[in-house]
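Residue-level structural notes
Residue-level listing of the chains:
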Amino acid sequence: MSDTGKKLHLVMVHGFGHGAWCWYKIRALLEASTDYKVTCLDLKGSGIDRSDPDTIFTFQDYNKPLIDLLSNLPENEKVILVGHSAGGLSLTYAIHRFAMKIHLAIYVAANMLKLGFLTPQDYKDADPDLSKYGDVNMMIYGAGADKPPTSMIMKEEFQRYILYHMSSKEDSTLAAMLLRPGPLRPFAGVHFTEGPDADSVPRVFIKTTHDRVLMQEQQDAMIRRWPPSQVFVLESEHSPFFSTPAHLFGCLLKAVASTNSAT
């Protein structure tokens, strides 16, 4: 978005192990019903990006596609960032580095810690604990069996129950075919240096009330600790882009409209 009347530009950022593909319903709704420009990114080692997740070491490297997009925007242009799940960390990272390029940040069942993971309380409030479901993740040891794991993917038998239990069987099957191992090293203790204009970027949080990844108390804790300008609530599991796309679409439109009217 710019001050010269260019159309709104939404940049969609996926979560761990996912890719641009997870936004396909939302992109279709936006392009059919609005004149917004929509960019769905594959972060490094995700979606159709050819990078090997076992060779990605830093959060900056993992987010290179987002950094490149923001770095190359024209001087007077801003975007609206929409992040899901671990994609919220990418939004916060961008806010600290590129606040003047971001018109609005929308967190969809997403990590919204202002400075990332620094304290035990941060992990309690924002790190999903899936251990109650069993041994849900397959670890990949790209640096050798005697070294810490380098990437991880949720085992297929747990994916629908934890991530997509309110979504259609077709969508959860599609996801099972497209999920990739996500890189672990970029997320180890990831934290941020506060940018000078970080609090100037309006934020919206979209809660998911039937989430089996990010618990309600975790979502509420993040909202309480770094209050956004608005909170929307969806009767959804962790993946509303599949289970309730029309309602998520409506929330995005309301968030954009309210922020535009306030500026």
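Note that this is a predicted model, so its numbers are computed, not measured.

Digging into the nonpolar core
With 42 residues, the main nonpolar core has M12, W23, V82, I106, I162, I206 and L248 as its most contacted residues. Apart from residues lying up to four places away in sequence, I162 is in contact with L130, Y133, V136, M154, R212 and V213. One finds V13, L89, A110 and M112 within the second-largest nonpolar core, a separate group that totals 40 residues.

Here's the deal with the packing of aromatic side chains
Taken as a whole, this structure holds 14 aromatic pairs when the rule is applied. With a centroid separation of 5.5 Å and 75° between ring planes, the pair formed by F59 and Y93 is classed as edge-to-face. Of this pair, F59 sits in helix α2 (residues 59–62) while Y93 is found in helix α4 (residues 87–98), placing the two residues 34 residues apart along the sequence. For the residue pair F59 and Y93, the accessibility class agrees, reading buried in each case. Joined through ring pairs, the aromatic side chains of F16, F59, Y62, Y93, F187 and F192 make up one cluster. One cation-aromatic arrangement involves R203 over W226; the distance from NZ or CZ to the ring centre is 3.6 Å. The lysine or arginine in question, R212, covers the ring of Y161, its NZ or CZ lying 4.1 Å from the ring centre.

Details of the side chain of S85
If you trace the backbone, S85 turns up in the loop between β3 (79–84) and α4. For S85, a relative accessible area of 16% puts it in the buried group. Apart from residues lying up to four places away in sequence, S85 is in contact with G15, V108, A109, A110, N111 and H238.

Thoughts on helix α7 (residues 169–178)
All of the buried residues along α7 are D171, S172 and A175. For α7, the angular spread of buried residues about the axis comes to 95°, placing them on one side. Projecting away from the buried face of α7 at angles above 90 degrees are the exposed residues K169, E170 and M177. The elements touched by buried residues of α7 are α1 (24–33), α6 (156–163) and α9 (240–243).

Topic: the layout of surface pockets
Empty space within the largest pocket amounts to approximately 780 Å³. Lining the largest pocket we find 32 residues, and of these F16, A86, D127, P128 and M152 sit closest to its centre. Looking at the lining of the largest pocket, the elements that each hand over two or more residues are α5 (120–126) and β6 (151–154). Per-element accounting of the lining of the largest pocket gives the leading share, three residues, to β6. Looking at the lining of the largest pocket residue by residue, the classes come out as 21 nonpolar, nine polar and two charged.

Brief notes about the sheet that holds strand β8 (residues 203–208)
A sheet is described by the order of its strands in space; here six strands give the open sequence β2-β1-β3-β4-β8-β9, paired in parallel fashion. Of all strands in the sheet, those with a lone pairing partner are β2 (37–40) and β9 (230–234), marking the two edges. Strand-to-strand twist in this sheet, taken as the mean axis angle between neighbours without regard to direction, amounts to 20°. Note: strand β1 (residues 9–13) against β2, four bridges, orientation parallel. What sits directly across from L10, in β2, is V38. The sheet strands contacting helix α8 (residues 216–225) are β8 and β9, and the helix crosses β8 at an angle near 165°.

As for the pattern of salt bridges
Going through the model one piece at a time under the given rule, you end up with eleven salt bridges. The partner of K44 in a salt bridge is D61, with the nearest N and O atoms 2.7 Å apart. Here K44, found in the loop between β2 and α2, pairs with D61, found in helix α2; they are 17 residues apart in sequence, far enough to count as distant. Judged by its relative accessible area of 22%, D61 is partly exposed. Put simply, K114 and D199 hold a salt bridge, and the shortest N to O gap is 2.9 Å. Pair noted here: K114 is in the loop between β4 (102–108) and α5 and D199 is in the loop between β7 (182–183) and β8, with a separation of 85 residues, a long-range link. Taking relative accessible area as the criterion, K114 reaches 22% and is therefore assigned partly exposed. Residue D199 is classed as exposed on the basis of its relative accessible area of 51%. Several salt bridges share partner residues, and in doing so they unite K114, E194 and D199 into one network.

Cut-offs and rules
- Residues numbered from 1 in each chain as written.
- Predicted model: local features only at pLDDT ≥ 70, side-chain atom pairs only at ≥ 80, totals over all residues.
- Heavy atoms only, no water.
- Core = buried A, V, L, I, M, F, W, Y, C linked by side-chain atoms within 4.5 Å.
- Buried < 20%, exposed > 50% of the residue type's maximum accessible area, 1.4 Å probe, protein only.
- Contact = heavy atoms within 4.5 Å.
- Phe/Tyr/Trp six-rings, centres within 6.5 Å; stacked < 30°, edge-to-face > 60°.
- Helix = DSSP H or I, 4+ residues; strand = E, 2+ residues; numbered from the N terminus.
- Lys NZ or Arg CZ within 6 Å of the ring centre and 35° of its normal.
- Arc of directions from axis to C-beta.
- 1 Å grid on protein atoms, 1.4 Å probe; cavity = no way out; pocket = protein on both sides within 12 Å on 5 of 7 lines; lining within 4 Å.
- Points joined across faces, edges and corners; volume = space filled by probe spheres on them.
- Nonpolar A, V, L, I, M, F, W, Y, C, P; charged D, E, K, R; others polar.
- Pairing = 2+ DSSP bridges.
- Axes fitted to C-alpha atoms, helices over the stretch in contact; angles between N-to-C directions.
- Salt bridge = Lys/Arg side-chain N within 4 Å of Asp/Glu carboxyl O.

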